[in-house]
Amino acid sequence: GQQVMQIPQYQHVQEGEDFTTYCNSSTTLSNIQWYKQRPGGHPVFLIQLVKSGEVKKQKRLTFQFGEAKKNSSLHITATQTTDVGTYFCAGYRNFGNEKLTFGTGTRLTIIP
Amino acid sequence: GAGVSQSPSNKVTEKGKDVELRCDPISGHTALYWYRQSLGQGLEFLIYFQGNSAPDKSGLPSDRFSAERTGGSVSTLTIQRTQQEDSAVYLCASSLWPGPQHFGDGTRLSIL
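Anyway, here's the lowdown on the structure attached to this text. Throughout this description, residue numbers start from 1 for each chain and increase along the sequence as written. Chain labels run from A onward and ligand labels from 1 onward, assigned in the order the entries are written. In keeping with the predicted nature of the model, local features appear solely for residues at pLDDT of at least 70, side-chain atom pairs appear and are counted solely at 80 or more, and the whole-chain, interface and lining totals rest on all residues. Side-chain measures were taken over the full set of non-hydrogen atoms in the model, leaving aside hydrogen atoms and water.

Observations concerning the overall build of chain B
Of regular secondary structure, chain B possesses zero helices and 10 strands. A run of H or I in DSSP counts as a helix once it spans at least four residues, and a run of E counts as a strand once it spans at least two, with each numbered from the N terminus. The N-to-C order of helical and strand elements in chain B reads β-β-β-β-β-β-β-β-β-β. Whereas a compact globule of 112 residues would reach a radius of gyration of roughly 13 Å, chain B reaches 13 Å, a difference of no more than 12%. Overall size of chain B, expressed as C-alpha extent along the three principal axes, is 35 × 25 × 25 Å. When a residue's accessible area, from a 1.4 Å probe over protein chains only, is under 20% of the maximum for its type it is buried; when over 50% it is exposed; and in between it is partly exposed. Counting over 112 residues, chain B shows a buried share of 46%. Two residues qualify as a contact provided that any one of their heavy atoms is within 4.5 Å of a heavy atom in the partner residue. Taking contacts inside chain B between residues at least 6 apart in sequence as the whole, the part at least 24 apart equals 54%. What the globule rule says is 2.2 Å times the number of residues to the power 0.38, and the radius of gyration is computed from C-alpha atoms.

Here is the structure:
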């Protein structure tokens with residue numbers, strides 16, 4: 001079955017440092033989505049990437065979809081305490097109505 | 001309603017009892033997912049409903065777990081003869097394929 005792995009599993013950064021999480025799928029994806037789960041909350045959709053090599057930005061967050069559509073990354077510039085949480089990638093394979101598969105997640109903690 | 005609604009928000013029960021968890025998805029969303037999340041862990045996929053198709057039950061951990069979705073809307077996850085390892089937050093999400101998932105606030109299940 002499809003597997004989506006993320007590295008690292010945990011990341012502790014000093015406030016103001018940059019952060020990157022990487023997402024790798026065992027199969028080609030039709031799209032990749034990113035979610036953020038704050039402590040005590042539920043995952044919240046951030047963005048969706050569809051095209052090979054696509055790059056999208058949301059303020060300090062930069063999302064990239066790999067050329068082969070099997071990997072993705074999320075980069076946060078100059079982290080803030082509000083960035084604390086777990087970041088999940090998730091993807092659909094290119095088959096009709098297949099389920100969305102979530103990655104293993106990266107938990108980010110910020111040292112003030 | 002505007003979002004995915006889950007009930008109850010908290011459930012405490014004794015080992016061996018049966019429990020029913022309810023999910024009311026966003027109106028018109030054809031896809032409905034159940035996940036389980038233990039403290040500090042990732043999202044464990046349980047079951048996926050898509051329209052009138054047969055559900056994908058590949059994530060159900062044992063035959064004590066079952067789910068149904070009536071009329072393509074409300075879903076109920078049933079856990080029979082609960083055990084302590086069933087304690088977790090159970091999350092429901094709905095979507096339109098292949099769009100983003102919208103999560104409910106979850107049901108926190110505690111087995112004594």
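Observations concerning the pattern of salt bridges
Residue and element names in this part refer to chain B. Here, a salt bridge means any Lys or Arg side-chain nitrogen found within 4 Å of an Asp or Glu carboxyl oxygen. Within the structure shown, the criterion is met by seven salt bridges over all chains. The residue Glu44 makes a salt bridge to Arg36 at a minimum N-O spacing of 2.9 Å. Here Arg36 falls in the buried class, since its relative accessible area comes to 11%. Salt-bridge contacts for Asp86 lead to Arg64; the nearest nitrogen and oxygen are separated by 2.8 Å. Linking Asp86 in the loop between strand S7 (75–79) and strand S8 (88–95) with Arg64 in the loop between strand S5 (44–50) and strand S6 (65–69), this pair joins segments that are 22 residues apart in sequence.

Remarks on the sheet that holds strand S3 (residues 19–24) of chain B
Strand pairing in a sheet takes place through backbone hydrogen bonds and is either antiparallel or parallel in direction. Residues and elements named next belong to chain B. With antiparallel pairing, four strands are arranged side by side in an open sheet as S1-S3-S7-S6. Each edge of the sheet is formed by a strand with only one pairing partner; in this case those strands are strand S1 (5–7) and S6. Taking the axes of each pair of neighbouring strands and ignoring which way they run, one obtains an average angle of 15° across the sheet. Sheet analysis places S1 next to S3, joined by three bridges and oriented antiparallel. Within the sheet, the bridge partner assigned to Gln6 lies in S3 and is Cys23. Paired strands, in this sense, are two strands between which DSSP finds at least two bridges. Every axis in this analysis is a line fitted to C-alpha atoms, fitted for helices over the stretch in contact. Angles between the N-to-C directions lie between 0 and 180 degrees.

Regarding the nonpolar core
Put simply, buried Ala, Val, Leu, Ile, Met, Phe, Trp, Tyr and Cys residues joined by side-chain atoms within 4.5 Å make one nonpolar core. Ranked by internal contacts, the top residues of the largest apolar core, which has 20 residues, are Trp34, Leu77 and Tyr90 of chain B. Counting residues per element, the ones that place at least two in this core are S3, strand S4 (31–37), S5, S6, S7, S8 and strand S10 (107–111) of chain B. For Leu77 of chain B, the contacting residues outside a window of four places in its chain are Val19, Glu20, Leu21, Trp34, Leu46, Ser66, Ala67 and Tyr90 of chain B. Listed in part, the 19 residues of the second largest apolar core include Val4, Ile47, Leu61 and Phe65 of chain A.

A look at the state of the cysteines
By convention in this document, the label disulfide applies to cysteine sulfur atom pairs within 2.5 Å. With the rule as written, the count across this model stands at two disulfides over all chains. Paired by a disulfide, Cys23 of chain A and Cys89 of chain A hold their sulfur atoms 2.0 Å apart. Negative torsions about the S-S bond denote left-handed disulfides, and the value of about 80° found for Cys23 of chain A with Cys89 of chain A makes this one right-handed. Residue Cys23 of chain A is located in strand S3 (residues 19–25), and its partner Cys89 of chain A is located in strand S9 (residues 85–93); the two are separated by 66 residues in the primary sequence. For Cys89 of chain A, a relative accessible area of 0% corresponds to the buried category. Each disulfide pairs two cysteine sulfurs, and for Cys23 of chain B the partner residue is Cys92 of chain B, the sulfurs being separated by 1.9 Å. Taking the sign of the S-S torsion, about -65° here, the bridge from Cys23 of chain B to Cys92 of chain B comes out left-handed. Placement of Cys23 of chain B in strand S3 and of Cys92 of chain B in strand S8 is noted, with a sequence separation of 69 residues between them. Cys92 of chain B carries the same exposure label as Cys23 of chain B, and that label is buried.

Some words on the packing of aromatic side chains
Any two rings among Phe, Tyr and Trp, with Trp reduced to its six-membered ring, count as a pair given centres within 6.5 Å; such a pair is stacked if its planes are under 30 degrees apart, edge-to-face if over 60, and tilted if neither. One pass over the full model with this rule turns up 13 aromatic pairs over all chains. Look at Phe102 of chain A and Phe103 of chain B: their rings are 6.0 Å apart centre to centre, the planes differ by 75°, and that puts the pair in the edge-to-face class. A residue pair is termed interchain when its members come from two chains, as with Phe102 of chain A in strand S10 (residues 101–102) and Phe103 of chain B in strand S9 (residues 102–103). For the pair formed by Phe102 of chain A and Phe103 of chain B, the shared burial category is buried. Members of the aromatic cluster, joined through ring pairs, are Tyr35, Phe45, Phe88 and Phe102 of chain A together with Tyr33, Tyr35, Phe45, Tyr48 and Phe103 of chain B. The lysine or arginine in question, Lys99 of chain A, covers the ring of Phe45 of chain B, its NZ or CZ lying 4.8 Å from the ring centre. In this scheme, the term charge over a ring applies when either NZ of a lysine or CZ of an arginine sits within 6 Å of the ring centre and within 35 degrees of the ring normal.

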